[in-house]
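Here's the letter readout for the chains.
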2 protein chains.
Amino acid sequence: MLKDVVRTKTYQNVIYKNKFLFQNKVVLDVGAGTGILSLFCAKAGASHVYAVECSHMADMAKQIVETNGFSDVITVLKGKIEEIELPVEKVDIIISEWMGYFLLFENMLHTVLHARDKWLVNDGIVLPDKASLYLTAIEDAEYKDDKIEFWNNVYGFDMSCIKKQAIMEPLVDTVDQNQIVTNSQLLKTMDISKMAPGDASFTAPFKLVASRDDYIHALVAYFDVSFTKCHKLMGFSTGPKSRATHWKQTVLYLEDVLTICEGEAITGSMTVAQNKKNPRDVDIMIKYSLNGRRCIISNVQYYKMR
Amino acid sequence: MLKDVVRTKTYQNVIYKNKFLFQNKVVLDVGAGTGILSLFCAKAGASHVYAVECSHMADMAKQIVETNGFSDVITVLKGKIEEIELPVEKVDIIISEWMGYFLLFENMLHTVLHARDKWLVNDGIVLPDKASLYLTAIEDAEYKDDKIEFWNNVYGFDMSCIKKQAIMEPLVDTVDQNQIVTNSQLLKTMDISKMAPGDASFTAPFKLVASRDDYIHALVAYFDVSFTKCHKLMGFSTGPKSRATHWKQTVLYLEDVLTICEGEAITGSMTVAQNKKNPRDVDIMIKYSLNGRRCIISNVQYYKMR
């Protein structure tokens, strides 16, 4: 994931170009991994950084911190944020790279919010502090045939019962921007510094207007994040018109193929909720309808990211 | 995996072009998945097929068997081969697609051998019945830089301690045949119809002779499987000179870069063993030495597939 240049370079720029935020501040790095963000913060002048990582990577991070001569500034703590104890009362900054596929998959946001409520000073800052989820619609006949219709005839056998399951699984893949048929709709903006954990579950309406005559095979979700406390607004987008990241986009195939004319709109709503059995999974419901000249349709579809 | 055409088409051809093997025979399909091999066997004239699958895919397989009208010929059994009971005393044929990365990863071979010893008639056949593991050597400067040397300088920080871990992890990837610098050495042939489970752990010597002056960055392992009971020998290879499969090849990076001249040989041995803690993992040890004009070296490296 360090090789995702968009991601890591953005964090690096945020930190190195905004040293005023870090000077003599105490930082908590949530889900530190190799410790790269902690190292950036230490180099930018943080007085101390607590790097919390629950996987075996914590041992590597300790070694990396030592090798790079930051043992006096960075303390690596192996454990869950909910369970570790910090030797300070509060921290000034929480930094984290918590975003999952479809922004919310694996639900590490919950851990960041927990850390915020427990450890952040009142006027402390969270980096990044804004995350927005968007929706657009694409033509994707070729891939839909390959991924979904494939099951209609598998070496001569009808395996169409697998289609239902296949269509329920959002596909994480890179969408070519030429496939985009409609505008993008902002679904939800989350203010990480203020939101409640429950705000990550929501229903949002959308209206996607076609910019050309085409067919729609899937809706596509993506997110951007921003760091509004920087001297100049910084951030990145994982949308199909931006440089690719390891998050790619999330493709939600529709059972129907929509025959849409320029100017016509798909309207509906998306409901996003944490799965009750497995809180790392995300349940998505999409209601949509098109009342067009060549196609009148309305449907509800359920998806599960797991 | 059904989309791996080399794989599925070979099984299909083996079955459809050798119907004489299946006519009125009882077949056991080990790890049946969607049930595709069972369907092939049923269509080829098997009197009955028991499709054993332990995952939730068994439910799909049941539905697929019904949809395609084979409920009277194929019985899907959900469970582990070690635990299920068949309503017959013995089967005539065991068919399975058990091969993992590096042939042995995930160790499903063990399950097939268990099924063979428990359920196969004395003169029964196992499909496939031969599997061979090969080794060759490649030039791979670019990728080694990207995967291994990368850790020397990560956004200005020394993370070289991760290199040791990275080099221990065999990389499953497609090798370009132009990268191949030496001959291929057959390491081990397994006769699935006769071998003991312990035969999957072995030490085999190798001698890899350079066909040009070049550098060697990695050894590459791959396998082929064959069906020797067919009217004509059938099978497929997962080697870098054959059409790509989902198994790709297994790249084992060397700590050293070997400067090899045409005609010189890397000699050594590969030891393969089931991991004691986790039997699905594979431990690999490679001893190698080169006594060349431009490079004299000898080393031992350990790898873990997990």
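Above this text sits the structure in question.
Residues numbered from 1 in each chain as written. Chains lettered and ligands numbered in written order. Predicted model: local features only at pLDDT ≥ 70, side-chain atom pairs only at ≥ 80, totals over all residues. Heavy atoms only, no water.

A.B. asks: What exactly am I supposed to notice about the overall build of chain A here?
C.D. replies: Secondary structure assignment for chain A yields seven helices and 15 strands. Since a compact globule built from 306 residues should have a radius of gyration of about 19 Å, the 22 Å found for chain A is in line with a globular shape. Taken over the C-alpha atoms alone, chain A extends approximately 65 × 40 × 30 Å along its principal axes. For chain A, the proportion of its 306 residues judged to be buried stands at 56%. At a minimum sequence separation of 6, the contacts of chain A that also span at least 24 residues come to 73%. (Helix = DSSP H or I, 4+ residues; strand = E, 2+ residues; numbered from the N terminus. Rg over C-alpha atoms; globule rule 2.2 N^0.38 Å. Buried < 20%, exposed > 50% of the residue type's maximum accessible area, 1.4 Å probe, protein only. Contact = heavy atoms within 4.5 Å.)

A.B. asks: Just checking my understanding: could you explain the side chain of A:Asp29 for this structure?
C.D. replies: Residues and elements named next belong to chain A. Relative to the helices and strands, Asp29 is located in strand S1 (residues 26-30). Buried and unpaired, Asp29 has no salt bridge, with Arg7 as the nearest side chain of opposite charge at 9.4 Å. Side chain to side chain, Asp29 and Ser38 meet in a polar contact 2.7 Å long. Not counting chain neighbours up to four residues away, the residues in contact with Asp29 comprise Leu37, Ser38, Val49, Tyr50, Ala51, Val52 and Ile95. (Lys, Arg positive; Asp, Glu negative; His and termini not counted. Salt bridge = Lys/Arg side-chain N within 4 Å of Asp/Glu carboxyl O. Polar contact = N/O pair within 3.5 Å; in protein donor to acceptor, adjacent residues only side chain to side chain.)

A.B. asks: So what exactly am I meant to see when it comes to the layout of surface pockets here?
C.D. replies: Empty space left among the atoms is revealed by rolling a probe the size of a water molecule over them. Residue and element names in this part refer to chain B. Empty space within the second largest pocket amounts to approximately 1400 Å³. Considering the residues around the second largest pocket, the lining is formed by 47 residues, among which Met1, Gly31, Gly33, Glu53 and Met108 are closest to the centre. Grouping the amino acids of the lining of the second largest pocket by side-chain chemistry returns 24 nonpolar, twelve polar and eleven charged. (1 Å grid on protein atoms, 1.4 Å probe; cavity = no way out; pocket = protein on both sides within 12 Å on 5 of 7 lines; lining within 4 Å. Points joined across faces, edges and corners; volume = space filled by probe spheres on them. Nonpolar A, V, L, I, M, F, W, Y, C, P; charged D, E, K, R; others polar.)

A.B. asks: Honestly, a nonpolar patch on the surface in this entry has me stumped. Any pointers?
C.D. replies: A contiguous nonpolar patch, built from A:Met168, A:Val300 and A:Tyr302 and spanning about 260 Å² of accessible area, is present on the exposed surface. Of note, A:Met168 is situated in helix H7 (residues 161-168). (Patch = residues over 30% accessible without salt bridge, like charges linked within 9 Å, V, L, I, M, F, W, Y side chains within 5 Å. Areas by Shrake-Rupley, 256 points an atom, 1.4 Å probe, with all protein chains shown as cover.)

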